[in-house]
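Coordinate inspection notes
Now for the letters of each chain:
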Amino acid sequence: DAGVTQSPTHLIKTRGQQVTLRCSPKSGHDTVSWYQQALGQGPQFIFQYYEEEERQRGNFPDRFSGHQFPNYSSELNVNALLLGDSALYLCASSLELRSSYNEQFFGPGTRLTVL
Amino acid sequence: QKEVEQNSGPLSVPEGAIASLNCTYSDRGSQSFFWYRQYSGKSPELIMSIYSNGDKEDGRFTAQLNKASQYVSLLIRDSQPSDSATYLCAASVSSGSARQLTFGSGTQLTVLP
């Protein structure tokens, strides 16, 4: 049973650059959520994708955008990187049919460092 | 502001003891609650889910939910050094058709051999 996968595992960028992070959900799952986790904090919700559409967005600026593909995989794009964007970016997958329970399973994350 | 608060750590317990982790939430619309374990440098791992008032046991873990008091807890019996990690409490909140998780800031647990 393939779990959630993310790439790359680590990334170093400079201020002002753009970055794309990728996620493949757990086998059988169709919903992908993205979270940002700063050091010493809990994950913060960025947005959720289902049926290739963004369903809900957390308190993040438009510099953060995403996409979901027909195979349910997803991308997170961040433009005009700031030092404060340095964090662990987590992808979580879930199954819409079980959405009332909302069990979400996380991938290994991408550690983004902005210099 | 929908918040999840966890008891401040760090928490240290001796091996074999019971570790008690607590969490409160502010949104009465929260429907589901989760405990995640996060080892240093790793991603969160789901260890317990609870949806109804009362207790739910899974091996050495027991989750407790009291919706009237807006309180969730996790008990770890016979604690082992391998249980040393940060434990994150999360509440599921519906917003339109989406259901997002709101996390606490975590409690760091150390189990001393």
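Residues numbered from 1 in each chain as written. Chains lettered and ligands numbered in written order. Predicted model: local features only at pLDDT ≥ 70, side-chain atom pairs only at ≥ 80, totals over all residues. Heavy atoms only, no water.

Our focus in this paragraph is the overall build of chain B. Across its full length, chain B holds 0 helices and 11 strands. Here chain B holds 113 residues, and the buried ones make up 48% of them. For chain B, the proportion of contacts with a sequence separation of at least 24, taken over those separated by at least 6, is 53%. In the structure as shown, chain B presents an accessible area of about 5100 Å², 45% of it carried by carbon and sulfur atoms. (Helix = DSSP H or I, 4+ residues; strand = E, 2+ residues; numbered from the N terminus. Buried < 20%, exposed > 50% of the residue type's maximum accessible area, 1.4 Å probe, protein only. Contact = heavy atoms within 4.5 Å. Areas by Shrake-Rupley, 256 points an atom, 1.4 Å probe, with all protein chains shown as cover.)

This part covers the side chain of Gln38 of chain B. In this structure, Gln38 of chain B sits in strand β4 (residues 32–38). Of the residues examined, Gln38 of chain B reaches a relative accessible area of 10% and is grouped as buried. Of the polar contacts made by the side chain of Gln38 of chain B, one reaches the side chain of Gln37 of chain A; its length is 2.9 Å. Those residues within four positions of Gln38 of chain B in sequence are excluded, and the remaining contacts are Gln37 and Leu88 of chain A together with Ser43, Pro44, Ala85, Thr86 and Leu88 of chain B. (Polar contact = N/O pair within 3.5 Å; in protein donor to acceptor, adjacent residues only side chain to side chain.)

Further remarks concern the pairing of strand β5 (residues 44–50) of chain A. Residue and element names in this part refer to chain A. For β5, the tally of buried residues reaches 6 of 7 residues, placing the bulk of the element in the interior. Direction of pairing for strand β4 (residues 31–37) relative to β5: antiparallel, over a ladder of 6 bridges. Bridged to Ser33 within β5 is Gln48. As consecutive antiparallel partners, β4 and β5 are separated by 6 residues, and within that stretch Gly40 has a phi angle of approximately 80°, a positive value. By the bridge criterion, 4 bridges tie β5 to strand β6 (residues 53–57) in an arrangement that is antiparallel. Counterpart to Phe47 in the pairing with β6 is Arg57. Hairpin geometry of β5 and β6 is characterised by an intervening segment of 2 residues between the two adjacent antiparallel strands and by a positive phi of about 50° at Glu51. (Pairing = 2+ DSSP bridges.)

This next bit is on the environment of Glu57 of chain B. Residue and element names in this part refer to chain B. Among the secondary structure elements, Glu57 is positioned in strand β6 (residues 54–58). Separated by 12 residues in the primary sequence, Glu57 and Glu45 have C-alpha atoms spaced 17 Å apart. Look past the residues within four positions of Glu57 in its chain and what remains in contact with it is Met48, Thr62 and Arg77. Looking at Glu57, its side chain comes within polar contact range of the side chain of Arg77, at 3.4 Å.

Let us now look at the interface of chain A and chain B. Contacts between the two partners involve 22 residues from chain A, matched on the other side by 21 residues from chain B. Counting the surface lost from both chain A and chain B, the interface buries some 1800 Å², and carbon and sulfur atoms represent 51% of this. Along the contact surface separating chain A from chain B lie 0 salt bridges. Summed over the shared surface of chain A and chain B, the result is 11 residue pairs in polar contact (both at pLDDT 80 or more). Elements supplying a minimum of two residues to the side of chain A that touches chain B: β4, β5, β6, β9 (87–94) and β10 (105–106) of chain A. Of the residues that constitute the side of chain A that touches chain B, the class distribution is 9 nonpolar, 11 polar and 2 charged. (Buried area = accessible area lost by both parts, 1.4 Å probe. Salt bridge = Lys/Arg side-chain N within 4 Å of Asp/Glu carboxyl O. Nonpolar A, V, L, I, M, F, W, Y, C, P; charged D, E, K, R; others polar.)

This paragraph deals with the nonpolar core. Residues Trp35, Val72, Leu74, Ile76 and Tyr87 of chain B are the most contacted members of the largest nonpolar core, which totals 23 residues. Looking at this core, the elements with two or more residues in it are β3 (19–25), β4, β5 (45–50), β7 (61–66), β8 (71–76), β9 (85–95) and β11 (107–112) of chain B. By size, the runner-up hydrophobic cluster in this structure holds 20 residues, among which are Val19, Cys23, Phe60 and Val78 of chain A. (Core = buried A, V, L, I, M, F, W, Y, C linked by side-chain atoms within 4.5 Å.)

Attention now goes to the sheet that holds strand β1 (residues 5–7) of chain A. Residue and element names in this part refer to chain A. The antiparallel open sheet is built from 4 strands, whose spatial order is β1-β3-β8-β7. Single-partner strands in this sheet number two, and they are β1 and β7 (64–68). On average, adjacent strands in this sheet sit at an angle of 20° to one another, irrespective of strand direction. Sheet analysis places β7 next to strand β8 (residues 74–78), joined by 5 bridges and oriented antiparallel. Each residue of the ladder has a partner; that of Ser65, found in β8, is Asn77. (Axes fitted to C-alpha atoms, helices over the stretch in contact; angles between N-to-C directions.)

The values are spatial; any link to function lies outside them.
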